[in-house]
Amino acid sequence: MNTINGSQLLLELDCTSAVQNARDVAALAQSAESQGFHTLGFPDHFLVRTPIGRRLTLDCFTALATAAAPTRQLVLATHVASAGFRTPLNLIRQSVSLQNLTEGRFELGIGAGWHQGEAEATRGHAPDTARGRLLKALEAIEAAWPGSVGEPSAPPMLRPDQRELLAQLGSAAPRPLVKIAAGGDRLIEIAAIHADVIMLTIPNSVRAENGIHSRAVLERQISVTRRHAPRTPLQAQIRTIVPADQWAEHEDDVRCLPDDPELARLRVEWLRAQGIHRISFHEADPSKIAWISEHLHPAPG
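None of these values were measured; they are calculated from a predicted model.

1. Some points on the overall build of the chain
Helix and strand content of the chain: 12 helices and 13 strands. Taken over 301 residues, the chain has a buried fraction of 51%. Contacts in the chain between residues far apart in sequence, at least 24 positions, make up 70% of those at least 6 positions apart. A total of about 13700 Å² of accessible surface is found on the chain, and carbon and sulfur atoms cover 52% of it.

Structure representation (structure tokens):
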């Protein structure tokens, strides 16, 4: 597995706006690269909330292929691909295609899929449980690139002919970095075994209870992770930038950041002190993207 020096901090910009055409995707990618973001991610939900309501999103793999053309160094990631949306063969085929189109800049972010409605709507070829969906996807990655993420500790779900074809697909491109999104203990334990990077997400039980990814919850997740993977890089998410005068009521939610530069740096330093190596920002407002880059981007060297 890849490791990152604890002093480094990588910033990721995740597309939350419902961009609908190639021109907007290219502009977003160029902006992210020029402002020093390490990674640009696209979501894998069918719909996304916008100020004018829910809108259809672009397929994340298609959007990333579009973002590849006008950029040269920007890492392009699925943030994150839902393990149940695609067959194993399609998942690997699309990953191989993006590795080649980006000349090795693709990062495969994958998760079990937390949205129950989407999981129900796509049920058929995928296992019924979140754990099963993720394990089947990991089995496909291991079949495509043997020895890369390790065989999942579960009975095989892929047929021999599928594994053979996956191996042929995998031989056409180097394996991408694999980032696994995980919130609950069982998924964190799977990610600790198989991931190059672990993105710690709000557990479904907490999402249902109060929707606050508290500092105590994050600290506990990190403790669980470190028991199994002491050196695997960790990623946290910032979903909302709040006015400084409202910070006191949001301070305990690790997905929030104040718009005061000094307070924001203190929060980022706290995350780094917990062992976070990467931070992703769910932001669409160009002025806030520029603010993040200006105040939080790590100094060169």
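2. What to know about the confidence of the model for the chain
Mean pLDDT for the chain: 89, with 89% of residues reaching 70 or above. When mean pLDDT is compared element by element in the chain, strand 5 (residues 75-78) scores highest at 98, while helix 4 (residues 116-121) scores lowest at 57.

3. Comments concerning the nonpolar core
Counting 75 residues, the largest nonpolar core has Leu40, Phe42, Ile279, Phe281 and Leu296 as its most contacted members. The biggest single contributor to this core is helix 5 (residues 130-144), with 8 residues. Those residues in contact with Ile279 that sit more than four places away from it in its chain are Leu9, Leu10, Leu11, Glu12, Gln235, Ala236, Ile238, Val268 and Leu271.

4. Topic: the pairing of strand 10 (residues 234-238)
Burial analysis of strand 10 places 5 of its 5 residues in the buried class, the great majority of the element. Because side chains alternate across strand 10, one face comprises the buried residues Leu234, Ala236 and Ile238, and the other comprises Gln235 and Gln237, equally buried. Pairing analysis gives 2 bridges linking strand 9 (residues 197-200) to strand 10, with the strands arranged parallel. Note that in strand 10 the partner of Met199 across the bridge is Gln235. For strand 10 and strand 13 (residues 276-282), the ladder comprises 5 bridges, and the chain directions are parallel. Residue pairing in the sheet places Ala236 in a bridge with Ile279 of strand 13.

5. Observations regarding the pattern of salt bridges
Taken as a whole, this structure holds 13 salt bridges when the rule is applied. The shortest N-O distance in the salt bridge between Lys179 and Glu107 comes to 3.3 Å. Of this pair, Lys179 sits in strand 8 (residues 177-182) while Glu107 is found in strand 7 (residues 106-111), placing the two residues 72 residues apart along the sequence. Close ionic contact of Arg272 with Glu269 constitutes a salt bridge, the shortest N to O distance being 3.6 Å. Of the two residues, Arg272 and Glu269 both sit in helix 11 (residues 261-273), 3 residues apart, roughly one turn of that helix. Since its relative accessible area comes to 25%, Arg272 is described here as partly exposed. Overlapping salt bridges bring together Glu12, Glu107, Lys179 and Arg278 as one network.

6. Things to note about the environment of Arg93
Secondary-structure assignment places Arg93 in helix 3 (residues 88-101). C-alpha of Arg93 to C-alpha of Leu169: the two residues are 76 residues apart in sequence and 6.4 Å apart in space.

7. Observations regarding the packing of aromatic side chains
Summed over all chains, the structure comprises 1 aromatic pair. Measuring from ring centre to ring centre gives 6.0 Å for Phe61 and Phe106, while their planes differ by 50°; the resulting arrangement is tilted. In this pair, Phe61 sits in helix 2 (residues 60-68) while Phe106 sits in strand 7, placing the two residues 45 residues apart along the sequence. Each member of the pair Phe61 and Phe106 is classed as buried.

8. Description of the environment of Ser97
By the secondary structure assignment, Ser97 is in helix 3. For the pair formed by Ser97 and Ala65, sequence separation is 32 residues and the distance between their alpha carbons is 8.7 Å.

9. Focus: the side chain of Glu283
Within the secondary structure, Glu283 is located in the loop between strand 13 and helix 12 (286-296). Despite its burial, Glu283 pairs with no opposite charge; the closest candidate is Lys288, at 4.6 Å N-O. Within the local environment of Glu283, its side chain forms a polar contact with the backbone nitrogen of Asp285, the two atoms lying 3.0 Å apart. Ignoring sequence-local partners within four residues, the contact set of Glu283 consists of Leu13, Asp14, Thr16, Ile241, Lys288, Ile289 and Ile292.

10. With respect to helix 12
Buried within helix 12 we find Ile289, Trp291, Ile292, Ser293 and Leu296. Buried positions along helix 12 lie against strand 1 (10-14), helix 1 (22-34), strand 11 (240-242), strand 12 (256-258), helix 11 and strand 13.

11. Concerning helix 5
Taking 1.5 Å of rise per residue, 15 residues should cover 21 Å, and helix 5 covers 22 Å from first to last C-alpha, within 8% of that figure. A large share of helix 5 lies buried, amounting to 13 of its 15 residues.

Reading guide: rules and limits
- Residues numbered from 1 in each chain as written.
- Predicted model: local features only at pLDDT ≥ 70, side-chain atom pairs only at ≥ 80, totals over all residues.
- Heavy atoms only, no water.
- Helix = DSSP H or I, 4+ residues; strand = E, 2+ residues; numbered from the N terminus.
- Buried < 20%, exposed > 50% of the residue type's maximum accessible area, 1.4 Å probe, protein only.
- Contact = heavy atoms within 4.5 Å.
- Areas by Shrake-Rupley, 256 points an atom, 1.4 Å probe, with all protein chains shown as cover.
- pLDDT = per-residue confidence, 0-100.
- Core = buried A, V, L, I, M, F, W, Y, C linked by side-chain atoms within 4.5 Å.
- Pairing = 2+ DSSP bridges.
- Salt bridge = Lys/Arg side-chain N within 4 Å of Asp/Glu carboxyl O.
- Phe/Tyr/Trp six-rings, centres within 6.5 Å; stacked < 30°, edge-to-face > 60°.
- Lys, Arg positive; Asp, Glu negative; His and termini not counted.
- Polar contact = N/O pair within 3.5 Å; in protein donor to acceptor, adjacent residues only side chain to side chain.
- Expected span 1.5 Å × (residues − 1).

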